[in-house]
Amino acid sequence: MEIGYLVKEARYYRKVTGLSRAIKRFLLIQTPMKKIVNSLLYSWIYGREIRKKTKLDNPSILQIENTNFCNARCIMCPHVSMKRKQRTMTQEEFEKIIDNVLSSYKIKRIVMNGFGEPFVDKGAVEKIEYVNKKYPSVKVDMFTNGALLDKQTTDKLLKTKLDRITFSINGTKKNYHKIMQLNYDDTMKNVMYFLTENRRRRKRILTNISLMILDDNTKDIKKFIKFWSQFADSVRFYPPNDWAGGLKNIIYKTPFSIDKRWPCIYLWNNITVDVNGNLTMCCRDYESKVIFGNLLKQDIRDIRNSIKFKELQDNHLKHNFIDPVCNVCDIRFESSLDWICESISNLLYSYLVIYEIINKRD
C-alpha cells in the first residue's frame, strides 16, 4: 500500500465524514496497525463508546431505496435471486418519508440507494432536488453503476447539490462485461462525461470509483487505481460480502481476526427504508425480512421506540445475535470499527501526514 494513496484516500473521507472513518478504514484494516483491533486497549475504548452512544437516539444517516430495479446482473450480487417485488418509489412517497424522518431527527446525510440502480428511477434527480430545496443543509449521496447516467441526466444532476457519487465499475475492459453484464464502452462514456463536466464546471460533488475484488479482476487492481486516480477524488477497492448469507459462493478471509462480536452501530446511527416505505434493519437485509413498521403510515419515532425495535437493540447490547440477518452477517467485521472515538483517529491522521512528509524528504 503506497503511503501517498493512503493519504489521498484519508483526505477524501475526511471531506465525507470527518477523520474517523478515513483512519479506521485505511489504517485499522489495510495496514499493520490492524493488529490493535480487539487488543485490551481497543476493547476498553470500544466498550466505553458503545455505552455512551447507545444511550442516545440521534441517527444521522437515512438510506432510502428509491427503486429496487437494477439494470446490471453482477456476479457478486444476489439481486438476480431476490424474491421481493420490484418497483420504483413515487415522488409523493419519497417526500412523505423524508418529511417523516427529518421532522424528528437531525439527519446529516441521505443515501439515495437500496438494492437497485437508482437511475432506473426516472425521477431520481427530482427527488434530490426536493431534499436540496427543503433541507439544504442535508448532504445527499448516491451509488450507481453509471450505465444509465447519460448526458441529459448528468447535466440535470450537476445542477443539484449532490454531495457525493460513487461509481461501481468493478473491472477493466477485459472483464467488466463478465462481472456486471453491462457494456463497458457505454459506461465509460457516461462516467467520463460526468467526471469531466464535474471538474470543468467546478462543482463540489465528490467522486469515487469502486472495485469489488474478485478472482476475475484481482490482477488489474493496480492498473485500475492508476487509471481512475487521474479523474476521481477517490478509488476504493474492497472484498465482497455474502449479503448476510444471500450469496453462498462468496467467501473471503476477513482483513483482521475478530475474537468478539459487538453491537452493530447501524441500529443506532442509520435509518434504512425500503422501496415500500418499510423501516428495515439495514441495507444487508435485501429481502426486507425484518420490518419494524412503515413510514408511509407511522411516525418514525413510534417505530424506533417500538418493542420490536428496542428488543433488537437490547439483544445486540447483550451480544445476542439471534436475528436471521444479524446471525449470518459478515459486514460486522467492518462496522465493528465505527464505534472508535474521533480523538484517536485525529491522532493517527496526524502521524500519517507526518510520515508522508518525512517519506518525501527521504
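Scoring rules and cut-offs
- Every chain is numbered independently, its residues counted from 1 as its sequence is written.
- Predicted model: local features are reported for residues with pLDDT of at least 70 only, side-chain atom pairs are reported and counted for 80 or more only, and whole-chain, interface and lining totals are derived from all residues.
- Working from all heavy atoms in the structure, the side-chain values ignore hydrogens and water.
- We count a stretch as a helix when DSSP gives it H or I for four or more residues in a row; a strand needs E for two or more, and each element gets its number in order from the N terminus.
- Contacts are assigned to residue pairs that have any heavy atoms within 4.5 Å of one another.
- In this description, accessible areas are obtained by the Shrake-Rupley approach with a 1.4 Å probe, and a residue is regarded as covered only by the protein chains that are shown.
- Definition of nonpolar core: a set of buried residues of the types Ala, Val, Leu, Ile, Met, Phe, Trp, Tyr and Cys, connected through side-chain atoms within 4.5 Å.
- For every residue, the accessible area obtained with a 1.4 Å probe (protein chains only) is divided by the maximum for its type, and the residue is called buried under 20%, exposed over 50%, and partly exposed between those limits.
- Here, strands pair whenever DSSP counts at least two bridges between them.
- An axis is simply a line fitted to the C-alpha atoms; with a helix, the fit covers only the stretch in contact. Between two such axes, the angle follows the N-to-C directions and lies from 0 to 180 degrees.
- Salt-bridge detection follows one rule: a side-chain nitrogen of Lys or Arg within 4 Å of a carboxyl oxygen of Asp or Glu.
- Here a cavity denotes a set of grid points, spaced 1 Å apart and computed over the protein atoms alone, in which a 1.4 Å probe fits but from which it cannot get out, and a pocket denotes an open set meeting protein on both sides within 12 Å along at least five of seven lines; residues with an atom within 4 Å of a point are reported as lining.
- Grid points are joined across faces, edges and corners, and a volume is the space filled by probe spheres set on the points.
- Side-chain classes follow a simple rule in which Ala, Val, Leu, Ile, Met, Phe, Trp, Tyr, Cys and Pro form the nonpolar group, Asp, Glu, Lys and Arg form the charged group, and the remainder, Gly included, forms the polar group.
- We call a crossover right-handed when, viewed with the strands running away from us, the connection from the first strand over the helix to the second turns clockwise.
- Each crossing gets its hand from how the near helix is turned against the far one by less than a right angle, where anticlockwise is left-handed and clockwise is right-handed.
- The length a helix should cover is 1.5 Å for every residue beyond the first.
- The definition of a polar contact used here is a pair of N or O atoms within 3.5 Å, where within protein one atom must be able to donate a hydrogen and the other to accept one, and adjacent residues in sequence count solely through side-chain atom pairs.
- Scored between 0 and 100, pLDDT is the confidence that the predictor attaches to each residue.

S.K.: Even after reading the chapter, I still don't get the overall build of the protein chain, so can you show me in this structure?
M.R.: Secondary structure summary: the protein chain contains 14 helices and 9 strands in total. Residue pairs at least 24 apart in sequence account for 75% of intrachain contacts in the protein chain once pairs closer than 6 positions are excluded. With an accessible surface of roughly 17800 Å², the protein chain has 53% of that area assigned to carbon and sulfur atoms.

S.K.: Got a minute to help me understand the nonpolar core in this structure?
M.R.: Inside soluble globular proteins, nonpolar side chains tend to come together where they are buried. Membership of the largest hydrophobic core comes to 82 residues, with the highest contact counts inside it found for Leu157 and Trp228. Counting residues per element, this core draws most heavily on helix α8 (residues 184–200), which supplies 6 residues. Apart from residues lying up to four places away in sequence, tryptophan 228 is in contact with Ile169, Met188, Val191, Met192, Leu195, Ile209 and Val235.

S.K.: Would you explain the sheet that holds strand β6 (residues 234–238) in this entry?
M.R.: Within a beta sheet, neighbouring strands are joined by backbone hydrogen bonds and run either parallel or antiparallel to one another. Spatially, the 9 strands line up as an open sheet ordered β6-β5-β4-β3-β2-β1-β7-β8-β9, and their pairing is mixed. Where the open sheet ends on each side, the last strands, each with one partner, are β6 and β9 (291–294). Between one strand and the next, the sheet's axes are offset by a mean angle of 25°, whatever the strand orientation.

S.K.: Which parts of the structure should I look at to understand unusual backbone geometry?
M.R.: Residue asparagine 170 is not a glycine yet carries a positive backbone phi of 65°. Here asparagine 170 is to be found in the loop between β4 (164–168) and α7 (176–180). At serine 288, a residue that is not glycine, the phi angle is positive and equals roughly 55°. Residue position: serine 288 is located in the loop between β8 (278–280) and β9.

S.K.: What is the right way to read the pattern of salt bridges from this model?
M.R.: A pair can form between side chains of opposite charge whenever their charged atoms are brought close. As enumerated under the stated definition, the model contains 17 salt bridges in all. Here aspartate 121 ties to lysine 127 by a salt bridge, and the two come within 3.0 Å at their closest N and O atoms. For the residue pair aspartate 121 and lysine 127, the accessibility class agrees, reading buried in each case. The partner of aspartate 185 in a salt bridge is lysine 173, and the shortest N-O contact between them spans 3.5 Å. In this pair, aspartate 185 sits in helix α8 while lysine 173 sits in the loop between β4 and α7, placing the two residues 12 residues apart along the sequence. Accessibility expressed as a relative area gives 56% for lysine 173, which makes it exposed. Through salt bridges that share partners, Lys151, Asp155, Glu197, Arg200 and Arg201 make up one connected network.

S.K.: Honestly, empty space enclosed by the protein in this entry has me stumped. Any pointers?
M.R.: Where empty space is left becomes clear once a probe the size of a water molecule has been rolled over the atoms. Counting across every chain of the model gives 5 cavities of 30 Å³ or more. Looking at the second largest cavity, its volume works out to about 90 Å³. Along its surface, the second largest cavity is lined by 14 residues, and Glu65, Gly114, Thr272, Cys283 and Asp285 are the ones closest to its centre. Here the lining of the second largest cavity is composed, by residue class, of 5 nonpolar, 5 polar and 4 charged.

S.K.: Please explain the pairing of strand β5 (residues 206–212) as it appears in this structure.
M.R.: Along any regular strand the residues' side chains alternate between the sheet's two faces. Most of β5 is tucked away: 7 of the 7 residues are buried. Neither face of β5 is exposed, since Leu206, Asn208, Ser210 and Met212 on one face and Thr207, Ile209 and Leu211 on the opposite face are all buried. Both β4 and β5 contribute to a ladder of 5 bridges, which runs parallel. Residue pairing for β5: isoleucine 165 is matched across the bridge by threonine 207. Relative to β6, β5 runs parallel, the two sharing 5 bridges. From the neighbouring strand, serine 210 faces β6, where its bridge partner is arginine 236. In the classification by handedness, the crossover that spans β5, the intervening helix α9 (residues 221–228) and the parallel β6 is right-handed.

S.K.: Got a minute to help me understand the packing of helix α4 (residues 91–102) against helix α5 (residues 124–134) in this structure?
M.R.: A pair of packed helices can be characterised by two numbers: the angle between their axes and the separation between those axes. Interhelical geometry of α4 versus α5 gives an angle of 35° and a closest axis separation of 10 Å. α5 is crossed by α4, and the crossing has right-handed handedness. Where α4 abuts α5, its residues Gln91, Phe94, Glu95, Ile98 and Asp99 lie against Glu126, Lys127, Tyr130, Val131 and Lys134. Here the residues of the contact of α4 with α5 are counted per class, giving 4 nonpolar, 1 polar and 5 charged.

S.K.: Can you walk me through helix α3 (residues 40–53) in this structure?
M.R.: For an α-helix, 3.6 residues make a turn, and residues three or four places apart therefore share a direction. In this model, α3 (14 residues) spans 20 Å end to end at C-alpha, consistent with the 20 Å of a helix rising 1.5 Å per residue. Within the span of α3, buried status applies to Tyr42, Ile45, Tyr46, Gly47, Glu49 and Ile50.

S.K.: Would you mind going over the side chain of threonine 187 with me for this structure?
M.R.: For threonine 187, the position within the fold is in helix α8. Among the residues examined, threonine 187 registers a relative accessible area of 2% and is labelled buried. Only 2.9 Å separates the side chain of threonine 187 from the side chain of tyrosine 176, close enough to count as a polar contact. A polar side-chain atom of threonine 187 sits 3.1 Å from the main-chain carbonyl oxygen of asparagine 183.

S.K.: What's the story with the confidence of the model for the protein chain in this structure? I'm lost.
M.R.: Low pLDDT means the predicted atomic positions in that stretch should not be read closely. With 77% of its residues at a pLDDT of at least 70, the protein chain reaches an overall mean of 83. Counting interchain partners and residues more than four positions distant, the pLDDT-below-50 stretch residues 251–259 has 20 contacts. Ignoring residues within four places in sequence, the model shows residues 341–358, a span with pLDDT below 50, making 28 contacts including any to other chains.

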